[in-house]
Amino acid sequence: MQAFLKGPGGAPPAKKPAPAPAPGTSKKDGKPVKKHIPWVEKYRPRTVDDVAHQDEVVAVLRKTLEGSDLPNLLFYGPPGTGKTSTILAAARALYGHDLYKDRVLELNASDERGISVVREKVKKFSQLTASATRPDGKPCPPYKIIILDEADSMTSPAQAALRRTMEKETKTTRFCLICNYVTRIIEPITSRCAKFRFKPLGVGVMSERLKHICQEENVKIEEEAIQTLMQISEGDMRKAVMFLQSASRLCGQDGSVNSQIIRDITGVVPEDLLDEVLKVCRSDSYEKLDATVKKVIREGYAGSQILSQFHDKLVAMEEVSDKQKSVICEKMALVDKCLLDGADEYLQLMALFSTVMHQMCHAE
Amino acid sequence: MTFSPFPVFRIDLQAKPHEEIGLTMDDSDDDVSIVKVTQAKSQRKGASWVTPSFDDFDFEPSLPSSKSSKGFSQSHSQYSQPKSQPKKTLQTKLSTFASRDDFFNAPSSSASLSRKRQREQQQVPAHKLTSVVKSEAQRRKLKTALSTDLWSDQYQPKKKEDLAVHKKKVEDIWSWLKERTARFTKHAAPILLLTGPPGTGKTATLKILASELRLEIQEWSNPATAAGDSDFKAMEQADWSERSSVDVYSSQSQSSQFSNFLLRANKYQALQLDLTASSTNSSQGKFILVEDIPNSFYRNPEELHNILKKYRRCGHCPLVLVVSDTSTNSSNAQRLFPPDVQVDLRLESINVNPVAPTMMVKVLNKIASQEAAQGRFAAPSARVVESIAMSSAGDVRSAINALQFACRQDTVDLNQLRTIQKRLKKESSGSGRRLKYGSLAKQDSGASNSTQHEVVIGAKDTTCFLFHALGKILYFKRGDPAESGGHQKLPAHLSRHDRDPLLFTPEEIVEKTHLSGEYFNTFLHQNYVDFLSSVEDVERAAEYLSDADLLSAQYTSRGQLQDYTVSVATRGFIHSDSSICRHTDSRKGHGWRPLHKSQWFATQKQSQQSKAAAMRLFRGYHWVPETLLTEIVPYINLTNPTLHDPGQISFVQNVCQFSRSSYALRPGLEKLDEKSAVDDEDDTDEIPTASMNPAFNASQSLARKDNAGDNDDNNDDLPSSQTQIKTAPVEEEEEFFIEEFDD
Amino acid sequence: MSLWVDKYRPTTLAKLDYHKDQAAHLKKLVQGGDFPHLLVYGPSGAGKKTRVMCTLRELYGSGVEKLRIEHNNFTTPSNKKLEIVSISSNYHIEVNPSDVGIQDRVVIQELIKNVAQVNQLDSSTQKDFKVVVLTEVDRLSRDAQHALRRTMEKYMSTCRLILVCNSTSKVIPAIRSRCLGVRVAAPSADEIVQMLQTVCKKEGLNLPSELARRIADKSQGNLRRALLMCEACKVQQYPFSADQDVSEPDWEVFLRDTASMIVQEQSPRRLLEVRGRLYELLSHCIPADVIMKGLLQELLQNCDGELKTEVVQSAAHFEHRLQSGQKAIYHIEAFVARFMAIYKRFLEEGIADLF
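- Per an unreviewed UniProt entry, chain B is named Cell cycle checkpoint protein RAD17, and its organism is Littorina saxatilis.
- According to the UniProt record, the Subcellular location (unreviewed entry) comment for chain B reads "Nucleus".
- Under the Sequence similarities (unreviewed entry) heading, UniProt states for chain B: "Belongs to the rad17/RAD24 family."

- Where an unreviewed UniProt entry is consulted, chain A appears under the name Replication factor C subunit 4, with the organism given as Littorina saxatilis.
- The UniProt entry for chain A carries the following comment under Subcellular location (unreviewed entry): "Nucleus".
- Of chain A, the UniProt comment under Sequence similarities (unreviewed entry) reads exactly: "Belongs to the activator 1 small subunits family."

Right, dumping it as structure tokens:
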């Protein structure tokens, strides 16, 4: 299995011999039929050492593997930075394959995680005793681990119910919460956990990694496409790998992945369309703006995508004064919220761009 | 010892001849307690084994420390002493037990006292105690000062003339009873439904009329469900009205017990337990009285209907159901017996109105004067009586209780409230002699220190009808800022928002309607536009209403934000009305306008039904509902492809008809009148199941199939779908003039 | 009932008339063997459903077209019974989870679990997965979308999902990253004209190009609507004339009249009349946001530049309220009131300027 690189500039390690049969294949009628495992799963880091880019976490976890105690953990950070992979790898290393099911409870946002589940399932699991030896005599940590993935979508009553259990069962159970925004976890829980921030991956690391995967999967890719991919994924490894896989599918075996395909897949608005919109805004004609926005909508691009790209463009624009930019940005924030609430895209975009038009043409 | 709530009266023949007969309680028997009527003097000597006399019933060992405790400590020491009962008081005592209920009710409470006293008795031998001789007058005073009898029980009406119910109603009931019990019908027992607010004399009327017509009443009372401690069991066992019906120990459901009771009461006579009742010998029939309807029927009225249907078929004894209504929205009578069921069961219903104020005052005065004549209290002033009458909202029982409470000597600390009452009444004396029940809010008009207007003891919780509440808000009045201190003017740049203070609090008014905030808002929304004169006002008010809806939209936060919803909507509306900024502004040219019910719910229901019907009819094409209804169906209407399903055809036609006349008056608005019963909104969030029938009359629209070709022509008459969109035909309502709102 | 929309719907990827390169991509995808989850999005009437069906046909052959209607019953954890209707064939199942309202999470979990756990018996198609098509994904609740995402991961091997929605703004990023996004843009006016000509030729009708162009403009990029309009025109009058009226649905006419009423007079009384008409539209199941957008379009035609921005801003404001609030009528009425106030002010200022 491949692994994450150990840091920027490190050479890729030697290929580890793949266990037989190769994952992703299974025997069927004597012929290996490729079972299509998503590359995200395939190239997930399997050991703690592989997650080298996040230093503090790895240090703590390594110490734990050597025998010291594990605190309650709270992993937070942007998506696709390795949080779930890390804790899964650590758990697997701690318990080995056989004990894993007994000692680890995983609850995810798609499982039932209301208060009743916290009260019953979690509590029951945490009350089980955990011995310090494995069946085969080797030592193993005398505690269990409960992994709560996407903890920020748990309701606060459920979180409050959780904290008491955390306190009481601290001898036999450790909790590991994974979330994107630490502000959504209630204070009492964050104070009981050791918080670790997962940083977004750096450009160099990511590009090396992607190139590696391409090599493994025999995908031809252009240099520019890798750059586009990284720009779009914004430090999210999972997103990048997923886009890469989708792009390779679209090209088939013979084609090569280029920038355009990446853009098609990810739904990025082409630059020229945005430029057109900006031009129309400067022209101070409502009718033209209307027609242009309608055109953009008809292309099917997501409103939030347009918004975020436009925002990047606006911030960089020189001819717009700071005061104008601030007014426009405020309007953008409101429009973003409205879009999230499900408001109609055409109306919201018209409202935004008419503000832009007004600012550009009438305000100083 | 086991205790039975109704004492058996046994004359003690072993008493010495020169002793007079008295009433005492004897605990020597196990299951029978003897109340012995004895005289005072003879009792005092050595009759230690005789249990205390009747007198003791007057003395509550657990009376609150009363200020007039002059006789109290003496009474304590008099406990263990056998009491003597002068003949006079004996007779007055007996005469006050006019109705059978009291006969049994009073001793039950005092019997428990007697038990306590008996315990005390055992500790202190009687001859050791000294008796305190008091004058008869003193004793009497003492007795009544500490009397625990409720005047509402004491002064129960005994004759038809005493009844505070309207004469005509009494006549109605009389005639029904006479007629129905006279004819013996083998099957189809007549059922009478007697409704009205509580405390208006329904049961009293029935009992009096029954005694006058010499009818027996067999009454049902709800069984206690848990057969718990032994006292309860014994009490149940002894409850005579139930004895004829069921075995208490079997755990039967309330409804089956009820149906058993009905069947058996119908068949069998009641046991002759009532020795002194005059109706035993010449009872000319009987009827069954059900006042206490088992609770399970409120949840599931169907069961009750079934039982009554069965009873109608096989019963012959007339049945009277008494249902007390509350004055708030969902009336029990409506819920239990909706109109179609009433027709089905052939229920005759007589509705007793709340007692008229003048009648109420008469009754209260009579009682007060009677009490005053006995030298106990000063008669309360006419003002007080009037105020009590007015605050009782037609409930005689509560009015008498309030009067008793107000008159008690030991409630000195509550005197203050009485005087406040008096003061308030004085101020509003100029408002006219017309007595009207209403909210006490009328009294605080102009009264600057009217702090206590809600604390009048015994005042009924005045609930407000939706109609009144809406009217109060829509016809709001402002007060003079000079009168209410502390009103500051806004700074100059906000001067257009300056308004004089309101005379009322909108939130309180809405609270009194017992409706949820957003539900009230729908009615406000329906009607507010009529009351605003300019578009700018409407714009502002509409925006406030939109804000209010946003506040109540989230399911999770609805509980906390409900109050704000109402505040925002009502105050927003009031503030937006720029034509009434000062207290001197009057509404010009706006007469009284009818108020309407909100169309929103009906529209929602309609659209959901149509949607469900559409999805059902056009299922095979897997279109998204929005597309289906905005594009496909209208174009089907225009293009007329061959549809094979008549349901589809009729649906398409119905859904695509819009009213042609561009200035159609608002159709289908239901007027809102005073007593309109409004239920809380239907749960419009639930998606109707796919099996719901289309809301349209298929036959009606099939008749229009031949017109399919001329859909595009201008039809002048409103197409048939209009009749379904209308919620109800506009009701004719009588001119109800709200006297409070005219200027 | 066979409208032209259904009769001439292309059934295979090869027969698609526009966005042909996208069709080629889809074909490659199917042949590649590693079929991912799909998220098909685009404006209404652009051809998303058509393409989904074509892809399915490509995957499984013509057996996919034998459809049957099924009623599925589920029980929620709170013991409430739900029923949902699905259209399925031997290889796929299509369902709209928003039909059940707020309990859509249960539907998603249970339904997909059921489908995924039944293994494909028929091995002749060489596909070892079934397809679940979910429509109106952007109306799913947040809970349901999280549930969906997990389910997607779990049952990847036996079940593929094709999600159809109008816009991806309301789809959580987690789902977007697990699916391959297929953006189906609306056809351009020329493409629509071409389509119309093709269909009319197949019907044996002669369509003047002017009329075709007018229809294409009026449909605003919605091919389905264009075809329906064309069919209605034929019913109205054939042979076609170049300048004949393109008929509109009744409710659109009604809406337009309502808008003209608003422009005509601005007073509380008129507002009440408008309210009555709005209620009528609502009771005919026209969605509230459609009403609002329609009103806006008509009203804007009566305003000039400065006014338009203000009107659009308030329309956006109230439409957003509409989505978050409960009672649509409050917000539509507030918008109408706002427009009346703005317009009245504008008229008064115009008159004042004259003097």
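### Section: the interface of chain C and chain B
Link 1 in the chain: Facing the 69 residues of chain C at the interface are 72 residues of chain B.
Link 2 in the chain: Summed over the shared surface of chain C and chain B, the result is 6 salt bridges.
Link 3 in the chain: Between C:R321 and B:D547 there is a salt bridge, and its shortest N-O distance comes to 2.7 Å.
Link 4 in the chain: At the boundary of chain C and chain B, one finds 18 residue pairs in polar contact (both at pLDDT 80 or more).
Link 5 in the chain: Looking at the side of chain C that touches chain B, the elements with two or more residues in it are strand 2 (68-75), strand 3 (81-88), helix 9 (223-236), helix 10 (250-264), helix 11 (268-283), helix 13 (305-324) and helix 14 (328-354) of chain C.
Link 6 in the chain: For the side of chain C that touches chain B, the element with the highest residue contribution is helix 11 of chain C, accounting for 12 residues.

### Let's talk about unusual backbone geometry
Link 1 in the chain: One non-glycine residue, A:N218, lies in positive phi territory at about 55°.
Link 2 in the chain: Along the chain, A:N218 turns up in the loop between helix 7 (203-217) and helix 8 (223-233).
Link 3 in the chain: Its identity as a non-glycine residue notwithstanding, C:Q220 has a phi of 55°, on the positive side.
Link 4 in the chain: Positionally, C:Q220 belongs in the loop between helix 8 (209-219) and helix 9.
Link 5 in the chain: Owing to a relative accessible area of 41%, C:Q220 belongs among the partly exposed residues under this scheme.

### A few points about the confidence of the model for chain B
Residues and elements named next belong to chain B.
Link 1 in the chain: Of the residues in chain B, 50% reach a pLDDT of 70 or more, and the chain-wide mean stands at 63.
Link 2 in the chain: Across residues 1-5, confidence stays below pLDDT 50; counting only partners more than four residues off in sequence or on other chains, it has 13 contacts.
Link 3 in the chain: Across residues 412-460 the pLDDT falls below 50, and counting only partners more than four positions away or on other chains, this stretch makes 64 contacts in the model.

Definitions and cut-offs
Residues numbered from 1 in each chain as written. Chains lettered and ligands numbered in written order. Predicted model: local features only at pLDDT ≥ 70, side-chain atom pairs only at ≥ 80, totals over all residues. Heavy atoms only, no water. UniProt positions renumbered as here; feature names shortened; annotations may be inferred. Contact = heavy atoms within 4.5 Å. Salt bridge = Lys/Arg side-chain N within 4 Å of Asp/Glu carboxyl O. Polar contact = N/O pair within 3.5 Å; in protein donor to acceptor, adjacent residues only side chain to side chain. Helix = DSSP H or I, 4+ residues; strand = E, 2+ residues; numbered from the N terminus. Buried < 20%, exposed > 50% of the residue type's maximum accessible area, 1.4 Å probe, protein only. pLDDT = per-residue confidence, 0-100.

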